[in-house]
Amino acid sequence: MKIINFNIEKEFLENVIMNLSDEIRLKLYKLDEELFNSLDYNDDNAFLNPILFYYLFTKENKLTNPISSIINNYLAMDSKTVNQHADYFFLSDSNIKIYKSSNPFLTSYFNLEFEETTEETIQKNIKPLFNAWEYLKTIIPEFCEIIEITTKEISIFNCKNQNSFATLQYLGTTFINVNDQIANEIFFIDDLSHQCGHIIFYFLTLNAQDFFVPPMQTKLSIYSNYKDNRSIYDVFHGLFTYTTTLNALSEAYKSEAFTEEQKTEIIGRIGFYLQKFGLDIKLTDNPNIFSSKGMKYYEMFQKSFETIYSKYSIYTKQFNYSNQNYFYNNDLFLTLNKMEEIIV
């Protein structure tokens, strides 16, 4: 399948996941045979549980409870035929779990303080989240199939000083922070395609150093005069998630499912990300950064940027984003860009 101009071979991705699950089986057997025997050997999902990945591959995990009890709790009543469980439920028509309690990674690793309980956050945001997923499955069904292969769970939370994220340390979970966000359907289309995109790219680049010439944690600023504290690996991930996010927003913009007001927000977000995408394409246009393997990906990112830019720049180049911060804010966008002047 293609995400704009980035080609993903589904069979390759499935083989990567299968090989990783086998590696986890072997590692768990050597480390904890009793826990290994308690799992269904033929169930890849059991061995690809994010918390198990965290336990096995993170050198300094901070889980306080015995791992066996946590895993058994997470795997309880794991059948897809069970739509409702005391601890979790499934994202509509999918195998992706949404846990009602706070994720142990957030509480043990980050020690976050939440603005409200996880159940309260979910109750406030479940409708737009479900609607966003239904829209995504309608407008980009193949991408959603890839999400379901790679994303095991979604953790929604509300706290200050923490971005939405996905991490290799807890592979398979999308963490979405709704703090200070207008968490409508467009927000969730944006953040789902972004954070789930990170998870997909982690699987595509498990041997990440193979994509770079210098060490992957080398600072991007070494290759330009631009003040930037990100590593070349971080920026590489960003190029992929700009691709997945802009693909979702572009398809949403073309859809008849959204109101004029929603399309105004969509085109505002497209212009916002095009600026960021274009800058990072320019900053990484350097033969000393990527290996031949990495360059193949970079060229697909470059073509993806050019495709979206050619479609939307006639509208977005007029937009003023000078009052925006790191995250897009539609209210701020509309203070400088009048809705009646935006072509939708």
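Residues numbered from 1 in each chain as written. Predicted model: local features only at pLDDT ≥ 70, side-chain atom pairs only at ≥ 80, totals over all residues. Heavy atoms only, no water.

Student: Got a minute to help me understand the pattern of salt bridges in this structure?
Tutor: A full pass over the atoms with the stated rule returns 11 salt bridges. Between Lys137 and Asp93 there is a salt bridge whose closest N-O contact spans 3.4 Å. Residue Lys137 is found in helix H7 (residues 118–139), and its partner Asp93 is found in the loop between strand S3 (88–90) and strand S4 (97–99); the two are separated by 44 residues along the sequence. With a closest N to O distance of 3.5 Å, Glu148 and Lys137 form a salt bridge. Highlighted residues: Glu148 in helix H8 (residues 141–150) and Lys137 in helix H7, separated in sequence by 11 residues. Assessed through its relative accessible area of 23%, Lys137 is described here as partly exposed. Sharing partners across several salt bridges, the network here consists of Asp22, Arg25 and Asp44. (Salt bridge = Lys/Arg side-chain N within 4 Å of Asp/Glu carboxyl O. Helix = DSSP H or I, 4+ residues; strand = E, 2+ residues; numbered from the N terminus. Buried < 20%, exposed > 50% of the residue type's maximum accessible area, 1.4 Å probe, protein only.)

Student: I'm lost on the packing of aromatic side chains in this one. Help?
Tutor: Throughout the structure, instances matching the rule amount to 49 aromatic pairs. With a centroid separation of 4.5 Å and 50° between ring planes, the pair formed by Tyr135 and Phe258 is classed as tilted. Linking Tyr135 in helix H7 with Phe258 in the loop between helix H10 (232–254) and helix H11 (260–283), this pair joins segments that are 123 residues apart in sequence. For Tyr135, a relative accessible area of 23% puts it in the partly exposed group. The exposure class assigned to Phe258 is buried, which follows from its relative accessible area of 8%. Counting every residue linked through ring pairs, the aromatic cluster contains Phe6, Phe201, Phe211, Phe212, Tyr233, Phe236, Phe240, Phe290, Tyr297, Tyr298 and Phe301. (Phe/Tyr/Trp six-rings, centres within 6.5 Å; stacked < 30°, edge-to-face > 60°.)

Student: Sorry, what's going on with the packing of H7 against H8 here?
Tutor: When two helices pack together, their arrangement is given by the angle between their axes and by how far apart the axes lie. Two elements in contact, H7 and H8, have axes whose closest approach is 5 Å; the angle formed by their N-to-C orientations is 120°. As summarised for this structure, H7 and H8 are arranged oblique, according to the angle between their axes. Facing Trp133, Leu136, Lys137, Thr138 and Ile139 of H7, the residues of H8 in contact are Pro141, Cys144, Ile147 and Glu148. Class assignment of the residues belonging to the contact of H7 with H8 gives a composition of six nonpolar, one polar and two charged. (Axes fitted to C-alpha atoms, helices over the stretch in contact; angles between N-to-C directions. Parallel < 35°, antiparallel > 145°, perpendicular 65-115°, else oblique. Contact = heavy atoms within 4.5 Å. Nonpolar A, V, L, I, M, F, W, Y, C, P; charged D, E, K, R; others polar.)

Student: Hey, could you run me through helix H9 (residues 185–204) in this one?
Tutor: In an α-helix, one full turn covers 3.6 residues, which means residues spaced three or four apart are oriented alike. Its 20 residues place the ends of H9 28 Å apart at the C-alpha level, agreeing with the 28 Å of an ideal helix rising 1.5 Å per residue. Most of H9 sits out of view: 19 of its 20 residues are buried. Capping the start of H9, Asn184 holds a side-chain oxygen 3.1 Å from the backbone nitrogen of Ile186, two or three residues further along. (Expected span 1.5 Å × (residues − 1). Polar contact = N/O pair within 3.5 Å; in protein donor to acceptor, adjacent residues only side chain to side chain.)

Student: How should the nonpolar core be read in this particular structure?
Tutor: In globular proteins that are soluble, nonpolar side chains generally tend to be buried together. Core analysis: the largest hydrophobic core is formed by 94 residues, its most contacted members being Phe6, Leu204, Phe212, Phe240, Ile270, Tyr297 and Phe301. Tyr297 has contacts with Phe6, Phe201, Leu204, Thr205, Phe211 and Phe236, leaving out every residue within four places of it along the chain. Counting residues in each nonpolar core, the second largest holds 10 residues, with Phe105, Phe157, Cys159 and Phe175 among its members. (Core = buried A, V, L, I, M, F, W, Y, C linked by side-chain atoms within 4.5 Å.)

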